[in-house]
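Spelled out, the chains give:
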Amino acid sequence: SAVISQKPSRDICQRGTSLTIQCQVDSQVTMMFWYRQQPGQSLTLIATANQGSEATYESGFVIDKFPISRPNLTFSTLTVSNMSPEDSSIYLCSVELLGGGLWGYTFGSGTRLTVV
Amino acid sequence: SQKIEQNSEALNIQEGKTATLTCNYTNYSPAYLQWYRQDPGRGPVFLLLIRENEKEKRKERLKVTFDTTLKQSLFHITASQPADSATYLCALVRRGKLIFGQGTELSVKP
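Residues numbered from 1 in each chain as written. Chains lettered and ligands numbered in written order. Predicted model: local features only at pLDDT ≥ 70, side-chain atom pairs only at ≥ 80, totals over all residues. Heavy atoms only, no water.

**Details of the sheet that holds strand β1 (residues 3-6) of chain B**
All names here are of chain B. Let me state the cut-off plainly: Whether two strands pair comes down to DSSP finding at least two bridges between them. Helix and strand assignments come from DSSP, with helices taken as H or I runs of at least 4 residues and strands as E runs of at least 2, each series counted from the N terminus. Axis definition: a line fitted to C-alpha atoms, limited for helices to the stretch in contact. Angles are taken between N-to-C directions and run from 0 to 180 degrees.
Pairing in this open sheet of five strands is antiparallel, and the strands run β1-β3-β8-β7-β6 from one edge to the other. At either margin of the open sheet sits one strand with a lone partner, and together these are β1 and β6 (56-59). For this sheet, the mean inter-axis angle between neighbouring strands, taken without regard to orientation, is 15°. Across four bridges, the pairing between β6 and strand β7 (residues 62-67) is antiparallel. Considered in β7, the bridge of E56 is made with T65.

**A few points about the nonpolar core**
What counts is decided by this rule: The set of buried Ala, Val, Leu, Ile, Met, Phe, Trp, Tyr and Cys residues whose side-chain atoms join them within 4.5 Å is what this entry labels a nonpolar core. Relative accessibility under 20% of the residue-type maximum defines a buried residue, over 50% an exposed one, and the middle range a partly exposed one, all with a 1.4 Å probe and only protein chains included.
Counting 26 residues, the largest nonpolar core has W34, I46, F66, I68, L78, Y91 and L113 of chain A as the members making the most contacts within it. Secondary structure elements with two or more residues in this core: β3 (19-25), β4 (31-37), β5 (43-50), β8 (75-80), β9 (89-96) and β11 (111-115) of chain A. The element best represented in this core is β3 of chain A, accounting for four residues. The next biggest cluster of nonpolar side chains, apart from the first, holds 22 residues, and it includes I4, L21, L62 and C90 of chain B.

**Considering the state of the cysteines**
Which entries qualify depends on this criterion: What counts as a disulfide here is a pair of cysteine sulfur atoms lying within 2.5 Å.
Enumeration over the complete set of coordinates arrives at two disulfides over all chains. Across the disulfide, C23 of chain A is cross-linked to C93 of chain A (sulfur-sulfur distance 1.7 Å). Because the sign of the S-S torsion sets the handedness, a value of about -85° for the bond joining C23 of chain A and C93 of chain A places this disulfide among the left-handed ones. One end of the pair, C23 of chain A, is in strand β3; the other, C93 of chain A, is in strand β9, and 70 residues separate them in sequence. C93 of chain A matches C23 of chain A in its accessibility class, with the two residues each being buried. One disulfide in the model links C23 of chain B with C90 of chain B; its S-S distance is 2.0 Å.

Here you go:
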C-alpha cells in the first residue's frame with residue numbers, strides 16, 4: 001500500500017500569511033485528496049487533485065483560498081492563503097490504497113495549523 | 001445531502017468486553033462502507049470495508065455488519081484492549097469521494 005509523507009507536521013502562522021503543505025507518495029497515484037479536520041470534527045473533503053488538470057473543489061472551498069498543485073503522479077501541495085484564525089485545523093492528504101475505492105484510503109499524518 | 005451519523009458520546013468500556021459502535025446514514029445507499037481508526041495527532045488508518053451484499057465481515061477481533069434496510073453499520077471489537085482506545089470513523093464512498101461520520105471515541109479501561 002502507498003505511504004504518504006506530509007509536511008510540515010505542524011505550524012503556527014500569523015493571520016494574513018499563507019502556508020504551503022506538501023504531500024509525497026511513494027508510488028504513482030491518479031488522484032490525491034485534501035481534507036480539513038477542524039477541532040473536534042470529522043474530515044471534510046476540500047478538493048481532489050489530478051495530475052495535469054485543475055483540482056476539483058467541493059462546495060464551500062475555492063481555489064483562491066486553497067490553491068493546489070499536482071505537478072506529477074507522486075506529489076501535491078495545498079496552500080492555505082490569507083489565513084485567519086478560522087483556518088486553524090488539521091489538513092490531511094489522502095490517496096486510494098488501490099483503485100476503485102474498494103480497498104480503503106491511506107492518509108498522511110496531517111498538518112496541524114494554528115493561526116494567531 | 002448525504003448524512004452519516006455516529007454516536008457523538010465517547011464510549012467507555014472495560015478491558016475484555018466487546019465494544020459496539022454505530023454508524024447510520026441517510027439518503028444515498030452506498031455500495032460499500034468503510035471503517036477507520038484515528039489516533040490523536042495522526043491521520044485515519046483504514047480497517048475494514050463491507051459491501052452492500054455482505055451482511056458481515058470479520059478481521060481478527062473486528063467485526064462489521066451492514067444492514068441496508070436499516071441504513072446502519074455496526075462495528076464490534078471483541079476482547080477489547082486498552083490499545084484499542086482511539087476514535088473510530090465510518091465513511092462511505094460517493095462518486096469516488098469519501099464522506100466521513102464525525103467519529104466515536106472509544107476508551108478501554110484496564
